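# Summary of structural features
Residue-level listing of the chains:
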Amino acid sequence: QIQLVESGGGLVQPGESVTLSCAASGAIFRIVASGWYRQAPGKERELVAQITAGHSTNDADSVKGRATISRDNANNAVYLRMNSLKPYDTAVYYCNLRAYSDYRNWGNYWGQGTQVTVAS
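Anyway, here's the lowdown on the structure attached to this text. (Residues numbered from 1 in each chain as written. Predicted model: local features only at pLDDT ≥ 70, side-chain atom pairs only at ≥ 80, totals over all residues. Heavy atoms only, no water.)

Our focus in this paragraph is the sheet that holds strand β3 (residues 18-25). Overall, antiparallel pairing links the 4 strands, which are arranged β1-β3-β8-β7 in an open sheet. At either end of the open sheet lies a strand with only one pairing partner, and these are β1 (3-7) and β7 (67-72). Mean inter-strand twist for the sheet, computed between neighbouring axes without regard to direction, equals 15°. When β7 meets strand β8 (residues 77-82), the two strands line up antiparallel, connected through 6 bridges. Bridging from a neighbouring strand, D72 pairs with A77 of β8. (Pairing = 2+ DSSP bridges. Helix = DSSP H or I, 4+ residues; strand = E, 2+ residues; numbered from the N terminus. Axes fitted to C-alpha atoms, helices over the stretch in contact; angles between N-to-C directions.)

Set out below in structure tokens:
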């Protein structure tokens, strides 16, 4: 079974940067897309950024110009770098992976999340 584990969250001050990591394990036949989502209390989970098999990236308007997603294919890892953090960036950040476990079976996988709190 494919599993995802996020790390790198914590308490950061406004204006600072944070780097989140996502490590994937298990049998991965082919990755369709990787992404980072976030969810604040009382709000729906929203997409922060994603990267497809074609290595293209898409950032949400709320983080446009501040978020950078990257992938390390050799180590099955996905990273999210966010700059100029604001209090409204406070949320639980989740790693997402759409992947085939073999040539005909695919799934949508989620990590347990890592908390990012932006406050002075």
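Turning to the pattern of salt bridges, a few remarks are in order. A side chain of one charge can pair with a side chain of the opposite charge if their charged atoms are brought near each other. With the rule as written, the count across this model stands at 3 salt bridges. Across the pair R38 and D89 runs a salt bridge whose closest N-O atoms are separated by 2.8 Å. Highlighted residues: R38 in strand β4 (residues 30-39) and D89 in the loop between β8 and β9 (91-100), separated in sequence by 51 residues. Residue R38 is classed as buried on the basis of its relative accessible area, which comes to 4%. Among the residues examined, D89 registers a relative accessible area of 0% and is labelled buried. Its salt-bridge partner being R66, residue D89 comes within 2.9 Å of it at the nearest N-O pair. (Salt bridge = Lys/Arg side-chain N within 4 Å of Asp/Glu carboxyl O. Buried < 20%, exposed > 50% of the residue type's maximum accessible area, 1.4 Å probe, protein only.)

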